[in-house]
Amino acid sequence: MNKKITVLLAFAAGTGLAQAQAPSADGISDGVVRIGVLTDMSGAYSGNVGPGSVLATRLAIEDFGGKVLGKPVEMLSADHLNKTDVAAGRAREWMDREKVDVVTELGNSAVALAVMNIAREKGRMTMVTGAGATRITGEDCSPNNVQWVYDTYALAKVGTLPLVEAGAKKWYFVTADYAFGHSLESDGTRFVKDGGGTVAGTVRYPFPGTDFASFLLAAQSSKADAVAFASAGADLQNEIKQAREFGLAERQKLVAMLMSITDVHGVGLEASQGMTFAETFYWDMDDETRAFSQRFFKVAGKMPTALQAGQYSAVLNYLRAVEKSGSDNVDVVMKTLREMPIRDAFARNARLREDGKLIHDTYVVEVKAPKESTAAWDYYKIVKTVPGDQAFMPLAESQCKLVKK
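Quick caveat, the model's predicted, so the values are computed rather than measured.

Draft legend 1. Just the packing of aromatic side chains, in detail. Summed over all chains, the structure comprises 14 aromatic pairs. In textbook terms, an aromatic cluster arises when at least three aromatic residues are bridged by ring pairs, as seen for Tyr45, Tyr178, Phe180 and Phe207.

So, in structure tokens, the structure goes:
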């Protein structure tokens, strides 16, 4: 599947989203800025990213006015099927034949790592908004890449450590058996132990999964205080539902290492009430988040996930950087992104670090009980705001070769 959409809209005066600047024909390499959205359109993560991330990209392009430096902005989209060979083939085709400038979303860590290498080889850019392995801006970091929304270190630290400190000392991990799951488990284990807890055991299941009975029974028999799901999307929803059916929630704390608002919607408040986890966006935080989310809702029929809001932010700021720098050259754009202010409906108190990680506020949220929810999609209570420099890995611990120590 390969869709191409050219957005040519009149510049919306007074929006404040695109900065007026004299066009520079020489600044755009082939007269068109092309953005490729490579995402999971049909698999386990499609609800968290997929069509919603394509929509978020379109909204960002529309908000910018449809042009940059007087040249059209073109979007392509494709389904990577959560397969690295499919993703790599599509990325190469886009860069070689379609002259795509930036490939974005990449909502699968194995896919993201593969496409990042191709982009670096070909002098193009990647913006990872849907994948969270710490390797992406750690040992496998690239000067041509950004990781915009989250990583497993921040999710584990913000979502796990407070529970350990509150008394959940013995943990058991049910983990998706690929790069993302491994990274969540590894970072979660670290913070469980940092908080004085222990890991009673772990089990890894083939991704994607549907029947988690044997894994959940093992977790139940461990008598762990907390059962952590190092997974996401449809897998996570099935795990929570089946864990409730087996009665795990009666004696053990169910912990989602990565949960989105669509997961809560899919599971329902009755099953997910009381769960706490780390989030990077909530549609009902303030007027700015509500305005963006209501526009998204009118088209999608649901509120955006953090990954979809982050996709909007990444694309919008990419276009801002192209215009501000007067070029779509990847080195120039990356330099500009690191230097310019970043603020929108998603990114708060944000800055792009030298390892390519966007540092921004992260939130501890708790899912409301059914009786506390007063309207559709009224699902979260924001328990705490964690500044980015406290949530994300310090540069002193980074294994990225771009970091000067």
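So that's the structure; there's more coming.
Draft legend 2. Inspection of the environment of Ala56 at higher detail. By secondary structure assignment, the location of Ala56 is in helix H1 (residues 50-64). By relative accessible area, Ala56 is classed as buried at 0%. With sequence-adjacent residues up to four places away left out, Ala56 is seen in contact with Phe296, Gln308, Gln311 and Tyr312.

Draft legend 3. Layout of the sheet that holds strand S9 (residues 198-205). Reading across from one edge, S9-S8-S10-S11 is the order of the 4 strands in this open sheet, with parallel pairing throughout. Edge positions in the sheet fall to S9 and strand S11 (253-256), since each has one partner strand and no second. Within the sheet, the average angular offset between the axes of one strand and its neighbour, ignoring direction, is 20°. Sheet analysis places strand S10 (residues 226-230) next to S11, joined by 4 bridges and oriented parallel. Looking at the pairing, Phe229 lines up with Ala256 of S11. The strands touched by helix H7 (residues 233-245) are strand S8 (170-176), S9, S10 and S11; relative to S10, the strand with the most contacts, the crossing angle is about 155°.

Draft legend 4. Geometry of the environment of Phe207. Positionally, Phe207 belongs in the loop between S9 and helix H6 (213-221). Considering only alpha carbons, one finds Phe207 and Thr262, 55 residues apart in sequence, at a separation of 20 Å. Setting aside chain neighbours within four positions, we find Phe207 in contact with Ala44, Tyr45, Asn82, Asn108, Ala176, Tyr178 and Asp235.

Rules and cut-offs
- Along each chain, numbering runs from 1 in the same order as the chain's sequence is written.
- Where local features are concerned, this predicted model is filtered to residues with pLDDT of at least 70; where side-chain atom pairs are given and counted, the filter is 80 or more; whole-chain, interface and lining totals use all residues.
- Note: side-chain values were computed over all heavy atoms of the structure, leaving out hydrogens and water.
- Only the six-membered ring of Trp is used, alongside the rings of Phe and Tyr, when aromatic pairs are assigned; centres must lie within 6.5 Å, and planes under 30 degrees apart are stacked while those over 60 apart are edge-to-face, with the rest tilted.
- Only DSSP runs of H or I with at least four residues qualify as helices, and only runs of E with at least two residues qualify as strands; both kinds are numbered from the N terminus onward.
- A 1.4 Å probe rolled over the protein chains alone gives each residue an accessible area, and that area as a share of the maximum for its type sets the label: buried under 20%, exposed over 50%, partly exposed in between.
- Any two residues whose heavy atoms approach within 4.5 Å are treated as being in contact.
- In short, DSSP must find at least two bridges between two strands for them to pair.
- Working convention: axes come from line fits to C-alpha atoms, limited for helices to the stretch in contact. Angles between N-to-C directions cover 0 to 180 degrees.

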